[in-house]
Amino acid sequence: MINIKNLEHTFAIGKKGEERRIPVLKGITLEVKQGEIVAILGKSGSGKSTLLNILAGFMAPESGSVKVNGQETSALTEADSAAFRLANFGFIFQNFQLMPGLTAFENVELPLKIKGLSSGERKVLVEEMMRKVGLTEVAEHYPSELSGGQQQRVSIARALVTNPPVLLADEPTGSLDSETEQEILQLIQALNSTLGLTFVIITHDEEVANVAHRQYRLHDGELMKGEKRHAV
Amino acid sequence: MQFKDQVDFIRQHMKRNKLRVTTTILAAMMGCAFLIVLASVGFGLHKTITDDVLDNRKVTEIEVPSKVESEEKITPAEVQTMRNIPHVEAVVERSGVAAEAMAKIGARSGYVNPILSDLKEEQKAGLALSEGAMPKKAEEVVVGYHFAKALLTDEEREASEEQQSENGFAGSLIGQTFELELTPYEGEAEPASWSFTVAGVLEEPAKDWMSDGSVYLDDSWAAAFNEKLGTGEESKSISVYADGLPSVGAISEALKDDGYYVYSVTEELGSMNMFFTALKAGLIFVGTIAVLIASIGIFNTMTMAVTERTREIGVMKAIGAQPKLVQKLFLMESAAIGIIGTGIAVVLSYAISMLANWLVPIIIKSSLGEQDSEGFDMVISLIPWQLVVIASIISIGVAMVSGWRPARKATQIDVIQALRQEL
Ligand SMILES: Nc1ncnc2c1ncn2[C@@H]1O[C@H](COP(=O)(O)OP(=O)(O)O)[C@@H](O)[C@H]1O
Ligand SMILES: [Mg+2]
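Predicted, not measured: the structure shown is a model, and the values here were computed from it. (Residues numbered from 1 in each chain as written. Chains lettered and ligands numbered in written order. Predicted model: local features only at pLDDT ≥ 70, side-chain atom pairs only at ≥ 80, totals over all residues. Heavy atoms only, no water.)

Peer 1: Could you clarify how one ought to interpret the overall build of chain B in this entry?
Peer 2: If you tally the helices and strands in chain B, you get 13 helices and 12 strands. Relative to a compact globule of 423 residues, whose C-alpha radius of gyration would be 22 Å, chain B shows 34 Å and is clearly more extended. Per-residue burial for chain B yields a buried fraction of 46% across its 423 residues. Residue pairs at least 24 apart in sequence account for 80% of intrachain contacts in chain B once pairs closer than 6 positions are excluded. Counting only carbon and sulfur atoms, one obtains 58% of the accessible surface of chain B, whose full area is about 21900 Å². Positive and negative side-chain charges of chain B, numbering 36 and 56 respectively, have mean locations separated by a distance of 21 Å. (Helix = DSSP H or I, 4+ residues; strand = E, 2+ residues; numbered from the N terminus. Rg over C-alpha atoms; globule rule 2.2 N^0.38 Å. Buried < 20%, exposed > 50% of the residue type's maximum accessible area, 1.4 Å probe, protein only. Contact = heavy atoms within 4.5 Å. Areas by Shrake-Rupley, 256 points an atom, 1.4 Å probe, with all protein chains shown as cover. Lys, Arg positive; Asp, Glu negative; His and termini not counted. Charge placed at Lys NZ, Arg CZ, Asp CG, Glu CD.)

Peer 1: Help me understand the overall build of chain A, please; the structure alone is not making it clear to me.
Peer 2: Each helix and strand counted, chain A has 7 helices and 10 strands in total. Its C-alpha atoms give chain A a radius of gyration of 18 Å, near enough to 17 Å, the size a compact globule of 232 residues would have. Projected onto the principal axes, the alpha-carbon positions of chain A cover approximately 55 × 40 × 35 Å. Across the 232 residues that make up chain A, the buried fraction comes to 53%. Considering only contacts within chain A whose residues lie at least 6 apart along the sequence, 69% involve residues at least 24 apart. Total accessible area computed for chain A in this model is approximately 10400 Å², and 48% of it derives from carbon and sulfur atoms. In chain A, the 24 positive side-chain charges and the 29 negative ones have mean positions that sit 5 Å from each other.

Peer 1: Help me understand the site of ligand 1, please; the structure alone is not making it clear to me.
Peer 2: All names here are of chain A. As a structural note, the neighbourhood of ligand 1 is formed by Phe11, Ile13, Val24, Lys43, Ser44, Gly45, Ser46, Gly47, Lys48, Ser49 and Thr50. Contact between ligand 1 and Ser49: an oxygen atom at 2.7 Å from a side-chain N or O atom of the residue. The fraction of the free accessible surface of ligand 1 (560 Å²) that becomes covered by protein chains is 67%. Counting residues per element, the ones that place at least two in the shell around ligand 1 are β1 (2–13) and α1 (48–56). Here the shell around ligand 1 gets 3 residues from one element, more than from any other, and that element is α1. (Near = heavy atom within 4 Å. Polar contact = N/O pair within 3.5 Å; in protein donor to acceptor, adjacent residues only side chain to side chain.)

Peer 1: I would appreciate a short explanation of helix α3 (residues 104–115) of chain A in the present structure.
Peer 2: Three or four residues apart is the spacing at which side chains of an α-helix point the same way, because the helix has 3.6 residues per turn. Of all the 12 residues making up α3 of chain A, 10 are buried; the element is thus mostly covered by neighbouring parts of the structure. Of all the residues in α3 of chain A, the buried ones are Ala104, Phe105, Asn107, Val108, Glu109, Leu110, Pro111, Leu112, Lys113 and Ile114 of chain A. Residues of α3 of chain A that are buried sit in contact with α2 (78–88), α4 (119–133) and α5 (148–160) of chain A together with α1 (3–16), α10 (310–319) and α11 (323–368) of chain B. Looking one or two places after α3 of chain A, you find Gly116 of chain A, whose phi comes out positive at around 95°.

Peer 1: Honestly, the interface of chain A and chain B in this entry has me stumped. Any pointers?
Peer 2: Interface size is commonly expressed as the accessible area that is lost once the parts come together. With 28 residues of chain A in contact, the opposing surface of chain B contributes 23 residues. Across the contact surface, chain A and chain B share 2 salt bridges. Close ionic contact of Asp5 of chain B with Arg122 of chain A constitutes a salt bridge, the shortest N to O distance being 2.5 Å. Put simply, the parts of the chain that give the side of chain A that touches chain B at least two residues each are α2 and α3 of chain A. Considering every element that reaches the side of chain A that touches chain B, the biggest residue donor is α2 of chain A, with 6 residues. (Salt bridge = Lys/Arg side-chain N within 4 Å of Asp/Glu carboxyl O.)

Peer 1: Can you help me understand the nonpolar core in this one?
Peer 2: Across soluble globular proteins, nonpolar side chains have a tendency to be buried as a group. Ranked by size, the top nonpolar core spans 68 residues in total, and within it Ile4, Ile40 and Leu168 of chain A together with Phe330 of chain B carry the most contacts. When residues in this core are grouped by element, the largest group, 8 residues, is from α11 of chain B. Apart from residues no more than four positions distant in its own chain, Ile40 of chain A is found in contact with Leu30, Lys48, Leu51, Val200, Ile201, Ile202, Thr203, Tyr216, Leu218 and Leu223 of chain A. Grouped together as the second largest cluster of nonpolar side chains are 40 residues, Leu41, Ala104, Val108 and Leu187 of chain A included. (Core = buried A, V, L, I, M, F, W, Y, C linked by side-chain atoms within 4.5 Å.)

Peer 1: Explanation requested: empty space enclosed by the protein in the structure shown.
Peer 2: Take a probe with the size of a water molecule and roll it over the atoms, and the empty space left behind shows itself. Per the stated rule, a full pass over the model turns up 5 cavities of 30 Å³ or more. In this structure, the largest cavity spans a volume of roughly 100 Å³. Lining the largest cavity we find Arg85, Leu86, Phe89, Gly90, Phe91, Phe93, Pro111, Arg158, Ala159 and Thr162 of chain A together with Ile319 of chain B. When residues in the lining of the largest cavity are grouped by element, the largest group, 3 residues, is from strand β6 (residues 89–92) of chain A. (1 Å grid on protein atoms, 1.4 Å probe; cavity = no way out; pocket = protein on both sides within 12 Å on 5 of 7 lines; lining within 4 Å. Points joined across faces, edges and corners; volume = space filled by probe spheres on them.)

Peer 1: Would you take a moment to explain the pattern of salt bridges for this structure?
Peer 2: Pairing of side chains with opposite charge becomes possible as their charged atoms draw close. All names here are of chain A. This structure, assessed with the given rule, holds 22 salt bridges over all chains. Residue Glu127 pairs with Lys123 through a salt bridge whose shortest N-O separation is 3.0 Å. Here Lys123 and Glu127 lie together in helix α4, a separation of 4 residues that amounts to about one turn. On the basis of relative accessibility, which here comes to 35%, the residue Glu127 falls in the partly exposed class.

Peer 1: Can you help me understand the domain arrangement of chain B in this one?
Peer 2: By domain assignment, chain B separates into domain 1 (3–55 + 269–420) and domain 2 (61–262). Between the C-alpha centres of domain 1 of chain B and domain 2 of chain B there is a distance of 54 Å. (Domains from an automatic or database assignment.)

Structural data, given as structure tokens:
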């Protein structure tokens, strides 16, 4: 499903000519199979988000290869990369990243609108997804009227509604209290086992990483296999 | 994204910033309305003057006052040559009589304006009658529409000096015989009278303030008048008539090539059209400056919109929206501001134009007084559909151009940076 090989990335900061180079990823190799939950653990600043951003196509790596579904994605144009994301990825962000001017329903509907589906088709899909994540009650609420956990459910519904094969989550519970965190993690596990969805979860939290089938640790720009514990 | 959803999307955004969007639309509207109203004055004046030219004369008439190179009179043979120019319907030679002319029927009398002409040729030239027929005999004449009104009794004449009165000869003039008394302007000759019968009455002149008290006589009378009164031979004015307005230009050219001075509607309108086209272009240009000023507002509004929505744009792009779509949504928003502003401006401009056309003549008339303003008939402002099209293209075009850079900026937003923004 996902095949990352010898991925390297270095940031340059400071003025041109006297910039300081910060190697963040030093030859990452990772394979994720379909239906797997993979967690990437690491301290803050270890380069987890950078890895995910490259995988998502938000930025291009310095060198190395990223293949998703057999397609090399590291060198796509901006437009092709957007089209690829729309078809293959769902995103779950730490800050939920909902549109404040749209209701929960409309937020979930957004990717389908971008895809060009008619409002009739959208209604069916969105309602089904809202049911799956347990949001039917608050469909007409705006994000500001929802709790953190509800907002993250909206965000998950939005990520799933286009039925993408891969879900990318950057600190999905980073803004939630521990009780709500458990709720969301259970939802992720349920979606994985019932729908066979592939998850790549990035986190600094061991607890979160425990839902994964496999764990990796990012340290000093290198990825190491972490000890696998049994899921909760 | 379906077009309907794109429109919805824009509407939602515009609603969220109602005040800012409304004021920007207001500015765009004022710019466009200024452009339309300003240019409409050019169109109005052009129409006023064109109408004036077309109303006061026959549009197919080409006057030929003289030759260019010599003082010689135009000879009958040369007139005949003019008749052979393609599309010439008729060539009429008219002359006046150098005498005061008074028509009399019984106790009624009035001053009239005798015109000597070839009535057969006049008929071909399209002299239109409201009543009766063209003369068949030399003693028969055609009279102007207001001929009957000019014939007053002495009492009526006194009364008409005190107040306006609708008097004059009542009933049909056709078949009426009248005396035409001619008193020469110069010389010792005694006044003399001739008897004529009215065969036809001309149509009413185009403008209601014009009065036609003419009498068209066969030109064979010139010799008889000259013999009795010693009026001499009046110089003839020559008019060439085309078979339609489109051939006026070609005939005018042919006459000029033959060495004649030519005066026709196309000549007159030609130089006028050039002047007014330049005037209108100038006014549109000045108006466009107002539109450009308004466009600064659109630029600001759109730039602010892009800045404010950076995070949302980032989310859209992250989810998989094409950069093209993002650009299109912002361009559509600035176009919407332009379109709404222009729509309101067009309606407003028509209202202002109507108001101006109603109000300005009233003001001018009241300052000129009753007498001078008679026949005052002018279009202050005219908005033809072409002006609406031009102004709309300029306003909406400028709105889109000013939205271009902000829209580009929106597409260039970096997803990672945008998502990092605080909520
Ligand atoms: N755009 C950038 N320019 C320069 N340095 C960056 C940039 N983005 C991230 N970094 C640096 O790269 C390192 C890894 O960052 P990040 O991937 O966000 O870490 P994590 O998500 O693991 O906290 C950090 O030291 C950060 O300062
Ligand atoms: Mg991070």
